[in-house]
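Topology and contacts: notes
The residues making up each chain are set out below.
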Amino acid sequence: RLPEGEKLYPDDVFTDQPEEFFVSEIIREKLFYKLREEIPYSAAIVIRTWEEEGELLKIHADIVIERDSQKKIVIGDGGSMLGSIGEAARKDLEYFFQCKVFLKLFVRVEENWSKTTQGLRRAGYLLPETELK
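Bear in mind that the values here come from a model prediction, so they are computed numbers and not experimental data.

Each value, and the rule that gives it
Residues numbered from 1 in each chain as written. Predicted model: local features only at pLDDT ≥ 70, side-chain atom pairs only at ≥ 80, totals over all residues. Heavy atoms only, no water. Salt bridge = Lys/Arg side-chain N within 4 Å of Asp/Glu carboxyl O. Helix = DSSP H or I, 4+ residues; strand = E, 2+ residues; numbered from the N terminus. Pairing = 2+ DSSP bridges. Axes fitted to C-alpha atoms, helices over the stretch in contact; angles between N-to-C directions. Contact = heavy atoms within 4.5 Å. Core = buried A, V, L, I, M, F, W, Y, C linked by side-chain atoms within 4.5 Å. Buried < 20%, exposed > 50% of the residue type's maximum accessible area, 1.4 Å probe, protein only.

**Re the pattern of salt bridges**
Enumeration over the complete set of coordinates arrives at 9 salt bridges. Between Glu87 and Lys91 there is a salt bridge, with the nearest N and O atoms lying 3.5 Å from each other. Pair noted here: Glu87 and Lys91 are both in helix H3 (residues 80-97), with a separation of 4 residues, about one helical turn. Measuring nitrogen to oxygen at the nearest pair gives 2.7 Å for the salt bridge that ties Glu110 to Arg108. Through salt bridges with shared partners, one network takes in Arg48, Asp62, Arg108 and Glu110.

Take a look at the structure:
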């Protein structure tokens, strides 16, 4: 029922979100899918580095959690869970970007990150000018 207005974006632009947003959401999805109820949903993904080398996309990302006890769960026995999360995410990323992807995941504990302006901003959930009240 709204009147048609002028276009805000060109026809070839599908979203206003950067590629890093989609990478972090794909990794986060795999984290939750693999761990189910074992980890709280306050985990975030922070992209550390992003390098394009020809047909290869190299991404290093942190899985940020709030408690040290969660770190063992995310990493798993001998790194098995972290490897499984990374492999599943890499496959989806290769499909998304239509190129080879090298994905390296790290687990970082940042207590109560989801309750601070700085933590939420670093995870990409707040704009730079936004402050928590």
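**What to know about the sheet that holds strand E3 (residues 100-109)**
Spatially, 3 strands are ordered E1-E2-E3 in an open sheet, and the strand pairing comes out mixed. Pairing within the sheet leaves two strands with one partner each, and these edge strands are strand E1 (44-53) and E3. The mean angle between the axes of side-by-side strands here comes to 15°, regardless of whether they run parallel or antiparallel. Here 10 bridges tie strand E2 (residues 56-65) to E3, and the two strands are oriented parallel to one another.

**As for the environment of Ile27**
With respect to the helices and strands, Ile27 occurs in helix H1 (residues 19-35). Separated by 54 residues in sequence, Ile27 and Met81 have C-alpha atoms that sit 13 Å apart. Apart from residues lying up to four places away in sequence, Ile27 is in contact with Ile45, Ala61, Ile85, Ala89, Leu103 and Leu105.

**Remarks on the nonpolar core**
Generally speaking, soluble globular proteins have nonpolar side chains that are buried together. One finds Ile27, Leu31, Ile63, Val74, Leu93, Leu103 and Leu105 to be the most contacted residues of the largest nonpolar core, which totals 24 residues. Of all elements in the fold, only H1, E2, H3 and E3 reach the threshold of two or more residues within this core. At 6 residues, H1 tops the list of elements feeding residues into this core.

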